[in-house]
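As a plain string of letters, each chain reads:
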Amino acid sequence: MRAVVTGGAGFLGSHLCDRLLAEGWEVLAMDNLITGSEANIAHLGGNPKFRFEKKDVSEPLRVAGEVGYVFHFASPASPPDYLKFPIETLKVGSIATMHALDLAHEKKAKFLLASTSECYGDPDISPQSESYWGRVNPIGPRSVYDEAKRFAEATTMAYHRHLGVDTHIVRIFNTYGPRMRLNDGRALPNFVYQALSGQPLTVYGAGNQTRSFCYVSDLVEGIYHLSQSNEHLPTNIGNPTELTILEFAERIRAEFPNAPKIIFEPLPEDDPKQRRPDISKAGKLLGWEPKVGLEEGLRLTLQYFKEQYAKTIERR
Ligand code: UDP
């Protein structure tokens, strides 16, 4: 089996490449590296089954040879990143999704879209199940990501229904772990970077908005099972353990001996007030549930971030 993974040098894309290679697949990873990094795939350099191509998949996509699976994981995913690259985010969710689907159609390959809990917007129900249509501001600052991913889901379903492409859609909830960028601006890397560099932790708003954090190995496991299933409709994958962002900041703060203080900054526009996946569908369909708790996940992630931080200090 040969897979194309767009966004293969990103946080999730690179872990997916590892997983597919471990299953004995050949992998062609593509990434334009605007938010991904070659460091995430450096360990695969000597692997004859792995190839990397620096490529913007919003440009026309041509791949020689057989392809059995296309995983479309390319996109900025951190709010500060997609606010910095709004046009690229819209293009990779729309035009690039069509390119990736055209490739799957041409090669008679299966296809899996990395979609997102952002499709639910600022939800007025919790937990969010797949049947909920969401509450998205179509013109707010986050819309470049939310609407691009909603368009990507609509496109994926159209290629499935109209052209018969064997498609799958995963709605990914907040995920953390090694290979997140220390400066990607999301809550976890921000808090850890701030704690490591002796700065106060910046909690936005009063910190009573909630998120549910899934460790990356659990997420990739769920995605792999979904990719092998016959399910075409969107499926949530995430960890349902919900906590407020203030609780999350406190939790990270407790990992540091000289406990940095917490300061409060303005809440970004349209920041979802609550987010928690209903994973009963994934449980029934795939027999999957997350296994790594926050304590173990944070330990593994902090270890990685500490090493990364030491490298940035060395380089100065
Ligand atoms: N957040 C925060 N401080 C930060 C970064 C983020 O309080 O330094 C909040 C953010 O406003 C949101 C939550 O943490 O409510 C999760 O943000 P993140 O950017 O990680 O991802 P999101 O779930 O919003 O896509």
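Up top is the structure.
Before going into details, it helps to say that this report is about the structure given with it. (Residues numbered from 1 in each chain as written. Predicted model: local features only at pLDDT ≥ 70, side-chain atom pairs only at ≥ 80, totals over all residues. Heavy atoms only, no water.)

### Side note on the site of the ligand
Then, in step 1: Residues in close proximity to the ligand total 18 residues, the closest being Thr202, Tyr204, Arg211, Asp271 and Arg275.
Then, in step 2: In the model, an oxygen atom of the ligand is placed 2.9 Å from a nitrogen or oxygen of the Arg142 side chain.
Then, in step 3: Elements represented by at least two residues in the shell around the ligand include exactly helix H6 (187-196) and strand S8 (201-204).
Then, in step 4: Considered class by class, the residues forming the shell around the ligand number seven nonpolar, five polar and six charged. (Near = heavy atom within 4 Å. Polar contact = N/O pair within 3.5 Å; in protein donor to acceptor, adjacent residues only side chain to side chain. Helix = DSSP H or I, 4+ residues; strand = E, 2+ residues; numbered from the N terminus. Nonpolar A, V, L, I, M, F, W, Y, C, P; charged D, E, K, R; others polar.)

### What to know about the environment of Gly36
Then, in step 1: Tracing the sequence through the fold places Gly36 in the loop between strand S2 (26-31) and strand S3 (50-54).
Then, in step 2: With 10 residues separating them in the primary sequence, Gly36 and Glu26 have C-alpha atoms 20 Å apart.
Then, in step 3: Apart from residues no more than four positions distant in its own chain, Gly36 is found in contact with Ala9, Gly10 and Asp31. (Contact = heavy atoms within 4.5 Å.)

### Quick notes on helix H4 (residues 95-107)
Then, in step 1: Its 13 residues place the ends of H4 18 Å apart at the C-alpha level, agreeing with the 18 Å of an ideal helix rising 1.5 Å per residue.
Then, in step 2: Residues of H4 that are buried include every one of Ala96, Thr97, His99, Ala100, Leu101, Leu103, Ala104 and Lys107, and no others.
Then, in step 3: In this structure, the buried side of H4 is in contact with strand S1 (2-6), strand S4 (69-72), helix H3 (86-93), strand S5 (110-116), helix H5 (143-163) and strand S6 (167-172).
Then, in step 4: With its phi angle positive at about 55 degrees, Lys108 sits one or two positions after the end of H4. (Expected span 1.5 Å × (residues − 1). Buried < 20%, exposed > 50% of the residue type's maximum accessible area, 1.4 Å probe, protein only.)

### Let's talk about the pairing of S5
Then, in step 1: In terms of residue burial, S5 counts as a mostly covered element, since six of its seven residues are buried.
Then, in step 2: Here four bridges tie S4 to S5, and the two strands are oriented parallel to one another. Looking at the pairing, Val70 lines up with Phe111 of S5.
Then, in step 3: The pairing of S5 with S6 spans six bridges and is parallel. Looking at S6, one finds that Ser115 is bridged to Arg171.
Then, in step 4: Once you follow S5 into H5 and on to S6, the crossover reads as right-handed. (Pairing = 2+ DSSP bridges. Right-handed = clockwise from strand over helix to strand, strands pointing away.)

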